[in-house]
Amino acid sequence: MADIKGRVGVGIIGSGVMGLEHMQNIKLLENAYVAMVADTDHKSRERAAQECPDARVVEDYEVLLADEAVDAIVICTPNCHHIHVLRKAIPSRVRHILVEKPLCTTVEHCQEVAELVAENMGPETGRIFWVGMEYRYMPPIARLLEHVDNGEIGKLHMVHIREHRFPFLLKVGNWNRFSENTGGTLVEKCCHFWDLMRRILQGAKAVRVYATGGMDVNHIGETYEVDGVKKRPDIIDNAFVSIDFDNGARGCLDLCMFAEDRQHEEVHVVGSKGKVHAEAPACVVTMHMPQPASSRVPPAKGQYEQHTTSENTEVPQALLEAGHHEGATFYELEAFVNAVQSGGSAVVTIEDGIEAVAMGVAAELSIKEKRVVDMQEVMALIDGTGPASAGAAGSGPASASATGSEAAEEHAAKRHKGPVPSKL
């Protein structure tokens, strides 16, 4: 067994694809180790034991929360279960929490988590609550952020993000085929992109959202049995989304889940002085600084190339082999663990997590009702003054596959506004 003295003991709750990716990357850190893993699925526990033979692997995550070997946890359960785990984890003995995106599937649940964090994890406690948004840490995007933060392209006006890729992979129990479990594609998948837009625009908040999209190709004709009832998937597979921000900037997302048999992402940022864009997984960053244009003569041949530079952001092979995010998971975990050891604070805050979910909920509602959605309308859901139809299907029960104890917990939480016991 490796020497664990002075290292952060990390507990992983949920050992599916992302849970395994976190395990693989924690093993690359010198100042952390996987102390425990919890998962309700037998096969997932077997895979976790193979990946981390020195870790204790259990079925019940509450056992993990109580174990003294665990200093920090990473929550990688299905989206709809985040709220149940967080209700137990936040008041627990565990010092630090990183929860995978999305924070929750509804803004109501996000606000409940925010209240729990305020009550139990305030600045005076030294505890860290961090929302996992790996895309900020992809090397090409991190480099793009450096250019933007340095003011190289001037005042920011436009952010355009494009992802064309393959369909969602199957998950345990097929949970990711239904919006009530995921929050909807524009929450589940695209919270990364809403977070990136806000990070690029240095914390600007969305004001209004318009989206058009649908489920046009993927999962047509599929049926899955859920609690004895056959159900058809209802997750969007393509969309255009336009967003106005409170600082006057505009954002646009172009998403297609059936266009290419690869995962290809582009982030374009346009400012008053120029444009920078990053591509993944190509790990290329390109900067263009246009010159003052004549009112009557078009740019000369070769002028674009003359004022354009490109750079490659190299990713170590070990990081490429430890996941599917071009090293981003490693760099995110490195920042999290360093903050834990140094007494630092979260880079991706609970507010960031809430805003990303709210923007996704607004986009899903815009598609559903074919209209522009004001963000105040979505945030009003937190205090119950918003329309009953707002949000994706995820604004209903926490999960179609929730256990009886989870349903009871949900009912109690609504009555008492506080955490009550639960088991996954």
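Residue numbering note: each chain is counted from 1, following its sequence as written. For this predicted model, a pLDDT threshold of at least 70 governs which residues receive local features, and a threshold of 80 or more governs which side-chain atom pairs are given and counted, while totals over whole chains, interfaces and linings are taken from all residues. Hydrogens are left out, water is left out, and the side-chain values use all remaining heavy atoms of the structure.

J.: Whenever I open this one, the packing of aromatic side chains confuses me. Can you help?
T.: Each aromatic ring pair is described using two quantities: the centre-to-centre distance and the angle formed by the ring planes. Side-chain rings of Phe, Tyr and Trp (the six-membered ring for Trp) are treated as a pair once their centres are within 6.5 Å; stacked means planes under 30 degrees apart, edge-to-face means over 60, and tilted covers the remaining angles. For the structure shown, the criterion picks out four aromatic pairs. Residues Trp130 and Phe336 carry aromatic rings whose centres are separated by 5.7 Å and whose planes lie at 80° to one another, so their mutual orientation is edge-to-face. With Trp130 in strand β6 (residues 128-132) and Phe336 in helix α12 (residues 328-342), this pair connects stretches of sequence that are 206 residues apart. Each member of the pair, Trp130 as well as Phe336, is classed as buried. Comment: elements are numbered from the N terminus, with helices defined as DSSP H or I runs of at least four residues and strands as E runs of at least two. Accessible area is worked out with a 1.4 Å probe on protein chains only. A residue is then buried under 20% of its type maximum, exposed over 50%, and partly exposed in between.

J.: Can you help me understand the nonpolar core in this one?
T.: Nonpolar side chains in soluble globular proteins generally cluster together in the buried interior. Ile73, Leu103, Val113, Phe129, Trp194, Val241 and Val269 are the most contacted members of the largest nonpolar core, which totals 120 residues. No other element matches the 11 residues that helix α13 (residues 350-369) contributes to this core. Here the nonpolar core consists of buried residues drawn from Ala, Val, Leu, Ile, Met, Phe, Trp, Tyr and Cys, with membership extended through side-chain atoms lying within 4.5 Å.

J.: Looking at this structure, how should I read the packing of helix α6 (residues 139-149) against helix α9 (residues 191-200)?
T.: To describe two helices that pack against each other, one gives the angle between their axes and the distance between the axes. Here an angle of 0 to 180 degrees is reported between the N-to-C directions of two axes, which are lines fitted to C-alpha atoms, with helices fitted over the stretch in contact. Taken N-terminus to C-terminus, the directions of α6 and α9 make an angle of 30°; their axes are 10 Å apart at the nearest point. For the element pair α6 / α9, the angle class is roughly parallel. Contacts between α6 and α9 involve Ile141, Leu144, Leu145, Val148 and Asp149 from the first element and Leu196, Arg199 and Ile200 from the second. Grouping the constituent residues of the contact of α6 with α9 by class yields six nonpolar, no polar and two charged. The cut-offs work like this: below 35 degrees is roughly parallel, past 145 is roughly antiparallel, 65 to 115 is roughly perpendicular, and the gaps in between are oblique. In this description, contact between two residues means that some pair of their heavy atoms is separated by no more than 4.5 Å. Residue type decides the class: Asp, Glu, Lys and Arg count as charged, Ala, Val, Leu, Ile, Met, Phe, Trp, Tyr, Cys and Pro as nonpolar, and the leftover types, Gly among them, as polar.

J.: Before we go on, may I ask you to explain the sheet that holds strand β1 (residues 8-13) in this structure?
T.: If DSSP finds at least two bridges between two strands, the strands pair. As summarised here, the arrangement of the six strands in space is β3-β2-β1-β4-β5-β6, forming an open sheet in which the pairing is parallel. The sheet is open, and its two borders are formed by β3 (56-58) and β6, each paired with just one other strand. Each neighbouring strand pair of the sheet contributes to a mean axis angle of 20°, computed without reference to strand direction. Taken together, the five bridges between strand β5 (residues 96-100) and β6 define a ladder with parallel strand orientation. Directly across from Val99, in β6, lies its bridge partner Val131.

J.: Looking at this structure, how should I read helix α1 (residues 17-26)?
T.: An α-helix turns once per 3.6 residues; consequently, residues spaced three or four apart project the same way. With seven of 10 residues buried, α1 is to be regarded as a mostly interior element. Buried within α1 are the following residues: Gly19, Leu20, Glu21, His22, Met23, Asn25 and Ile26. Taken together, the buried residues of α1 touch β1, β2 (32-38), α2 (42-51), β4 (72-75), β5 and α12.

J.: Help me understand the packing of α1 against α12, please; the structure alone is not making it clear to me.
T.: Contact pair α1 / α12: the axes reach a minimum separation of 9 Å and the direction vectors enclose 65°. Taken together, the axes of α1 and α12 lie roughly perpendicular to each other. Where α1 crosses over α12, the handedness of that crossing is right-handed. Residue-level contacts link Met18, Glu21, His22, Asn25 and Ile26 of α1 to Thr329, Phe330, Glu332 and Leu333 of α12. By residue class, the composition of the contact of α1 with α12 is four nonpolar, three polar and two charged. Should the near helix be turned anticlockwise from the far one by less than a right angle, the crossing is left-handed, and should it be turned clockwise, the crossing is right-handed.

J.: Sorry, what's going on with the pairing of β5 here?
T.: Note on strand geometry: in a regular strand, side chains alternate between the two faces of the sheet. Burial of β5 is extensive: five of the five residues sit out of reach of the surface. Of the two faces of β5, both are covered, the one formed by His96, Leu98 and Glu100 as well as the one formed by Ile97 and Val99. Looking at chain direction, β4 and β5 are connected through four bridges and run parallel. Bridging from a neighbouring strand, Ala72 pairs with His96 of β5. Clockwise travel from the first strand over the helix to the second, with the strands pointing away from the viewer, marks a crossover as right-handed. In terms of handedness, the path from β4 via helix α4 (residues 82-89) over to β5 forms a crossover that is right-handed.

J.: How should the sheet that holds strand β16 (residues 308-312) be read in this particular structure?
T.: Spatially, the nine strands line up as an open sheet ordered β16-β15-β14-β13-β7-β12-β11-β8-β17, and their pairing is mixed. Strands at the two margins of the open sheet, each flanked by one partner only, are β16 and β17 (373-374). Strand direction decides the pairing type here: strand β7 (residues 156-164) and strand β12 (residues 250-256), joined by seven bridges, are parallel. Following the sheet pairing, Met158 is matched in β12 by Arg250. Contacts from α6 reach β7, β13 (264-271), β14 (275-280), β15 (284-288) and β16, with the element oriented near 170° to β14.

J.: Please clarify how the side chain of Arg45 should be interpreted in this entry.
T.: By secondary structure assignment, the location of Arg45 is in helix α2. When charges are counted, Lys and Arg contribute as positive and Asp and Glu as negative, whereas His and the chain ends are disregarded. For this document, the term salt bridge refers to a Lys or Arg side-chain nitrogen within 4 Å of an Asp or Glu carboxyl oxygen. No salt bridge is formed by the buried Arg45; the nearest opposite charge belongs to Glu59, separated by 4.4 Å. Pairs of N or O atoms are called polar contacts if they sit within 3.5 Å, as long as, within protein, a hydrogen donor faces a hydrogen acceptor (for residues adjacent in sequence, only side-chain-to-side-chain pairs). From its side chain, Arg45 meets the backbone oxygen of Thr40 in a polar contact 3.3 Å long. Those residues within four positions of Arg45 in sequence are excluded, and the remaining contacts are Ser15, Asp39, Thr40, Val57, Val58 and Glu59.

J.: Would you mind showing me how to read the pairing of β6 here?
T.: Counting buried residues in β6 gives five out of five residues, a clear majority hidden from the surface. Burial of β6 is two-sided: the residues Ile128, Trp130 and Gly132 facing one way and the residues Phe129 and Val131 facing the other way are all buried.

All quantities given are derived from atomic positions and should not be read as evidence of function.
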